[in-house]
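Single-letter residue listing:
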Amino acid sequence: MARRPMMAANWKMNKLISEAEEYVEGLLPRISDAHEGVDVAIFAPFTCLGAVARMTQDTPVLVGAQNFYYEDSGAFTGEVSAPMLKDLGAGAVVIGHSERREIFGETDEAVALKAARAVEAGLLPIICVGETKEERDAGKMWEKVGAQVRAVFEQLDAQQIGGGAIVFAYEPVWAIGTGESATPEDAQEAIGKIRDLLREIGGEDFAREVRILYGGSIKADNVDEIIAQEDVDGGLVGGASLEVDTFAKLVNGASKPRE
Ligand code: PGA
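Residues numbered from 1 in each chain as written. Predicted model: local features only at pLDDT ≥ 70, side-chain atom pairs only at ≥ 80, totals over all residues. Heavy atoms only, no water.

S.K.: Lay out the overall build of the chain with the relevant residues and their values.
M.R.: From N to C terminus, the chain includes 12 helices and eight strands. In terms of overall size, the chain behaves like a compact globule, its C-alpha atoms giving a radius of gyration of 17 Å where 259 residues would be expected to give roughly 18 Å. If one aligns the C-alpha atoms of the chain with their principal axes, the spans along those axes are about 45 × 45 × 35 Å. A buried classification covers 55% of the 259 residues belonging to the chain. (Helix = DSSP H or I, 4+ residues; strand = E, 2+ residues; numbered from the N terminus. Rg over C-alpha atoms; globule rule 2.2 N^0.38 Å. Buried < 20%, exposed > 50% of the residue type's maximum accessible area, 1.4 Å probe, protein only.)

Next up, the structure:
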């Protein structure tokens, strides 16, 4: 069976509750025909997650957080746990975004623990990996990305969870928020290698089932070519997800049958 594409909005640290409500109200009617062909997800800040979850609860839109902590409760000032996210109505969570890794010092180990806890708690983790410009220029893209992917399976047993339990997002750091997206060939090369590694780790069925998104300056004028690549299963979209019109276009475009 073909993997279902996913188009996911990563709002990052944007939108007040009223803005989030206005957005969802505008988005839902614009994408109502798209659900047959694409999974739609919105990753909202904690503060408006409840509102977004409430407004989408009778729709196929998946709502998630952009981070969480892998313990369920306790003395972890400022953190939010998996049960708390579920309590708000979240069904997914972004893990290991490069902004969390680079600005907030999140390690491969923490990312792996979060991925394992998310799966266990019934949240779909979107696990982000990607290399910096320096690493790419030094020919070390795969050294970095391969190690990030391997690290996740220090805590997760591929055979046990099955490929539908996780999603990866390949997001080259140099392409995030820069307007400079990877070429379709670059995206396919990295994502194809991730899939090969998943095959090595979890076998053929596992590798075939895991969805791997591309993220990094996705826009209406580059999305078609990128998601047409064999191993690319959709997109994680930052800047272009903030306006209803542009995100609706990306969602509707991704729902078209692929050759
Ligand atoms: P961008 O962000 O689309 O603004 O480059 C993507 C992301 O960071 O998920």
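Right, picking up where we left off after that structure.
S.K.: Explain helix α2 (residues 46-56) residue by residue, including any values.
M.R.: Among all positions in α2, only C48, L49, G50, A51, V52, A53 and T56 are buried. Tucked into the core, α2 has its buried residues touching α1 (17-30), β2 (39-43), β3 (62-65) and α3 (82-88). (Contact = heavy atoms within 4.5 Å.)

S.K.: I'd love a proper account of the site of the ligand, names of residues and values included.
M.R.: Taken together, 13 residues sit near the ligand, with K12, H97, E171, G177 and S217 positioned nearest. Take H97: an N or O atom from its side chain is 2.6 Å from an oxygen atom of the ligand. G177 is positioned such that a nitrogen or oxygen atom in its backbone is 2.6 Å from an oxygen atom of the ligand. For the ligand, the protein covers 96% of the area, taking 280 Å² as the surface of the free molecule. For the shell around the ligand, the residue count by class is four nonpolar, seven polar and two charged. (Near = heavy atom within 4 Å. Polar contact = N/O pair within 3.5 Å; in protein donor to acceptor, adjacent residues only side chain to side chain. Areas by Shrake-Rupley, 256 points an atom, 1.4 Å probe, with all protein chains shown as cover. Nonpolar A, V, L, I, M, F, W, Y, C, P; charged D, E, K, R; others polar.)

S.K.: Talk me through the sheet that holds strand β8 (residues 234-237); I want residue IDs and the actual numbers.
M.R.: Reading around the barrel, the eight strands line up as β1-β2-β3-β4-β5-β6-β7-β8 and close back on themselves, with parallel pairing between neighbours. The average undirected angle you get between the axes of adjacent strands in this sheet is 25°. Pairing analysis gives four bridges linking strand β6 (residues 167-170) to strand β7 (residues 211-215), with the strands arranged parallel. In the strand pairing of β7, V167 is matched with R211. Along the sheet, α2 makes contact with β2 and β3, crossing β3 at roughly 170°. Against the sheet, helix α12 (residues 244-254) makes contact with β1 (6-10), β2 and β8, and its axis sits at roughly 165° relative to β1, the strand it touches most. (Pairing = 2+ DSSP bridges. Axes fitted to C-alpha atoms, helices over the stretch in contact; angles between N-to-C directions.)

S.K.: Tell me about unusual backbone geometry, and name the residues and values.
M.R.: Phi at K12 is positive, roughly 55°, even though this residue is not glycine. K12 gets classed as partly exposed once you look at its relative accessible area, which sits at 21%.

S.K.: Quick rundown of the pairing of β7? Include the residues and the values.
M.R.: β7 sits mainly inside the fold: five of its five residues count as buried. Burial along β7 is two-sided: R211, L213 and G215 facing one way and I212 and Y214 facing the other are all buried. Two strands pair when backbone bridges link them, and β7 and β8 are joined in this way by two bridges, in the parallel orientation. Across the sheet, G215 pairs through a bridge with L236, a residue of β8.

S.K.: How would you sum up the packing of aromatic side chains? Please name residues and give values.
M.R.: Evaluation of the coordinates by the stated rule reveals six aromatic pairs. Consider the rings of F153 and F206, whose centres lie 5.9 Å apart with planes at 85°: the pair is edge-to-face. In this pair, F153 sits in the loop between α7 (141-152) and α8 (158-161) while F206 sits in helix α10 (residues 204-209), placing the two residues 53 residues apart along the sequence. Judged by relative accessible area, F153 falls into the buried class, the value being 14%. (Phe/Tyr/Trp six-rings, centres within 6.5 Å; stacked < 30°, edge-to-face > 60°.)

S.K.: Mind laying out the side chain of R101, listing which residues take part and the relevant values?
M.R.: One can find R101 in helix α4 (residues 98-103). Polar contacts involving the side chain of R101 include one to the side chain of D108, which spans 2.8 Å. Apart from residues no more than four positions distant in its own chain, R101 is found in contact with G96, E106, D108, V111, C128, V129 and Q148.

S.K.: An account of the packing of α1 against α12 is requested, with residue identities and associated values reported.
M.R.: Viewed as axis vectors pointing N to C, α1 and α12 meet at an angle of 30°, and their least axial separation amounts to 10 Å. Judged by the inter-axis angle, α1 sits roughly parallel to α12. The way α1 lies across α12 gives a crossing that is right-handed. Here Y23, G26, L27 and R30 of α1 lie close against α12, whose contacting residues are V244, D245, F247, A248 and N252. Looking at side-chain class alone, the contact of α1 with α12 contains five nonpolar, two polar and two charged residues. (Parallel < 35°, antiparallel > 145°, perpendicular 65-115°, else oblique. Left-handed = near helix turned anticlockwise from the far one by under 90°.)

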